[in-house]
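Structure at a glance
Below, each chain spelled out in residue letters.
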Amino acid sequence: MAPAPSRLSEPGPAPMRVVVIGAGAVGSFLGATLAVAGHDVTLLGRQVPGPGVTADLVFEEADGTRTTVAVRRTHDAATIDRPDLVIAAVKMFDLGAALRTAEAWPDVPLMTVQNGVGAEALAGAARHSPILGGSLTSAVEVIAGGVRRLRTGGMGIAVVREVGVEASATGAAGPTAAAMSARLAASWTMAGLPARVYPDADAMKWSKLLANLVGNATSAILDLDPAQVYADPRGFAIERRQLREAVDVMRMLGLRPVTLPGADVSMLLRGLALPAAIGRRLVARGIAGARGGKSPSLRLHVRGGGTGATEARWLNGAVAEAGSGSGAATPVNACLAALVDEVALDPARAAWFARRIDRLADALAAAERPAPSTS
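The structure presented is a predicted model; accordingly, all values stated were derived computationally and were not measured.

1. Quick word on the overall build of the chain
The number of helices and strands found in the chain is 15 helices and 11 strands. By residue count, 50% of the 375 residues in the chain fall in the buried class. For the chain, long-range pairs separated by at least 24 residues make up 70% of all intrachain contacts whose partners lie at least 6 apart in sequence. Total accessible area on the chain is roughly 16200 Å²; 56% of this is exposed by carbon and sulfur atoms.

2. What about the packing of aromatic side chains?
One pass over the full model with this rule turns up 2 aromatic pairs. Each ring, one from Phe29 and one from Phe59, has its centre 5.7 Å from the other, and the planes form 70 degrees; the classification is edge-to-face. Of this pair, Phe29 sits in helix H1 (residues 25–36) while Phe59 sits in strand E3 (residues 53–60), placing them 30 residues apart in sequence. Under the relative-accessibility criterion, Phe29 is labelled buried at 0%. Between Tyr230 and Phe236 the ring centres are 5.8 Å apart and the planes differ by 65 degrees, which places this aromatic pair in the edge-to-face class. Taking the ring centre of Trp352 as reference, the NZ or CZ of Arg359 above it sits at 3.5 Å.

3. Topic: the sheet that holds strand E8 (residues 139–143)
One open sheet holds the 11 strands; their spatial order is E8-E9-E3-E4-E2-E1-E5-E6-E7-E10-E11, and the pairing between them is mixed. Two strands close off the open sheet at either side, each with one partner strand: E8 and strand E11 (195–198). Going from strand to strand, the sheet's axes swing by 30 degrees on average, the running direction of each strand aside. In the sheet, strand E1 (residues 17–21) pairs with strand E2 (residues 40–44) via 5 bridges, with the strands oriented parallel. Considered in E2, the bridge of Arg17 is made with Asp40.

4. Considering the nonpolar core
Residues Trp206, Ile221 and Leu360 are the most contacted members of the largest nonpolar core, which totals 45 residues. Setting aside chain neighbours within four positions, we find Trp206 in contact with Val117, Ala246, Val249, Met250, Leu253, Leu255, Ala318, Val319 and Ala322. Grouped together as the second largest cluster of nonpolar side chains are 33 residues, Ala35, Leu43, Ile157 and Ala177 included.

5. Observations concerning H1
Across its 12 residues, H1 extends 16 Å between first and last C-alpha, which sits within 8% of the 16 Å expected from 1.5 Å per residue. For H1, a buried count of 10 out of 12 residues is recorded, marking the element as mostly surrounded by other parts of the structure. In the stretch just after H1, Gly38 is the one whose phi turns positive, near 100 degrees.

6. Focus: the pairing of strand E4 (residues 66–74)
Judged from the 3 bridges that link them, E2 and E4 form a sheet pairing that is parallel. Bridging across to E4, Leu43 finds its partner in Arg73. In this structure, E3 lies alongside E4, joined through 8 bridges in antiparallel fashion. Following the sheet pairing, Ala55 is matched in E4 by Val71.

7. Overview of a nonpolar patch on the surface
Side chains of Leu274, Ile278 and Leu282 sit close together on the surface and give an oily, nonpolar patch of about 220 Å² of accessible area. Among the secondary structure elements, Ile278 is positioned in helix H10 (residues 276–291). Look at Ile278 and you get partly exposed, because its relative accessible area is 41%.

8. Looking at the pattern of salt bridges
All told, the structure shown has 15 salt bridges when counted by the stated rule. Arg148 is the salt-bridge partner of Glu60, the closest N and O atoms lying 2.7 Å from each other. Note that Glu60 is positioned in strand E3 and Arg148 in strand E9 (residues 146–151), a separation of 88 residues in sequence. The buried category is assigned to Glu60, whose relative accessible area is 8%. You can call Arg148 partly exposed: its relative accessible area is 23%. Between Glu342 and Arg349 there is a salt bridge, and its shortest N-O distance comes to 2.9 Å. Each of the salt bridges in this network shares a partner with another, and the network as a whole consists of Glu60, Arg66, Glu141 and Arg148.

Each value, and the rule that gives it
- Residues numbered from 1 in each chain as written.
- Predicted model: local features only at pLDDT ≥ 70, side-chain atom pairs only at ≥ 80, totals over all residues.
- Heavy atoms only, no water.
- Helix = DSSP H or I, 4+ residues; strand = E, 2+ residues; numbered from the N terminus.
- Buried < 20%, exposed > 50% of the residue type's maximum accessible area, 1.4 Å probe, protein only.
- Contact = heavy atoms within 4.5 Å.
- Areas by Shrake-Rupley, 256 points an atom, 1.4 Å probe, with all protein chains shown as cover.
- Phe/Tyr/Trp six-rings, centres within 6.5 Å; stacked < 30°, edge-to-face > 60°.
- Lys NZ or Arg CZ within 6 Å of the ring centre and 35° of its normal.
- Pairing = 2+ DSSP bridges.
- Axes fitted to C-alpha atoms, helices over the stretch in contact; angles between N-to-C directions.
- Core = buried A, V, L, I, M, F, W, Y, C linked by side-chain atoms within 4.5 Å.
- Expected span 1.5 Å × (residues − 1).
- Patch = residues over 30% accessible without salt bridge, like charges linked within 9 Å, V, L, I, M, F, W, Y side chains within 5 Å.
- Salt bridge = Lys/Arg side-chain N within 4 Å of Asp/Glu carboxyl O.

Written out as structure tokens, the structure is:
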């Protein structure tokens, strides 16, 4: 067994200096909750005006309760002193650019909070710093001057790579990634975002992936709410097959689903195991509550005017890629990933599939048929 990393000092009571790259809904939410917990937060984003200003950020709950916190905002990394932690809170297709921005602080611990699988590997390849993984299960949206939380949810945290104790610019020792994870969990929980540290980053991220798959690709392809997809037996059958494939891949990888704060994946899987007539209603009801009324991310991107890349390759596509490497069959996930990108790029394909579960079912049935023998 490898020796535990040395701890020259533990995190003290002084606030951490946190830079959040990405000032959208997730970045603003994570920054706001850390600011509520007393940390020094800077939001770094392309659309942030000015070289660096301190401004109020509104943090609104679903019931309308508002808290105002002060954060710094800037679009220029050069204006920011060396932080204690960087959080990359951008979409997966923007993560490469965020990691290049984070090169301004090459040895500072970095946390990834992207949906899907693959962010931690990209960060690990780009940096030599400690890497933390985060899995956010709260539903949030941008409002004027801040961010609104639509449901409580929670935060999973795991150490992806521990690189011992990092030296600050002054030569003082900083906390290990494990100690920082514990402090972040305590801070977010204190600020009303239940958080938990997990020993296995892969199990945590793949469990969040299961939750991300639910009603996401199908909603984007069909331009239907998840509840409408699940109300149709054909839609439920598609959803159940994609999730069963993902669970099979996890099993081949030696991973077991874990329950995340605010996302009981095991309950979802139990519902899918029930007879369809019963499980469909139970799962549909749980999905409606889990999203807090917010449309799935892929549908917002594809049907809301987004262009170019989607996150499908890191969601259903990640299942298909891991399946091909582990020997698990994943035709449904492979087809869904391809169709999401087709619909995003081709208005004619988007119109063809809109509200037509029968057409999606036919496309998936064709994808699941064995290829004809060439012998």
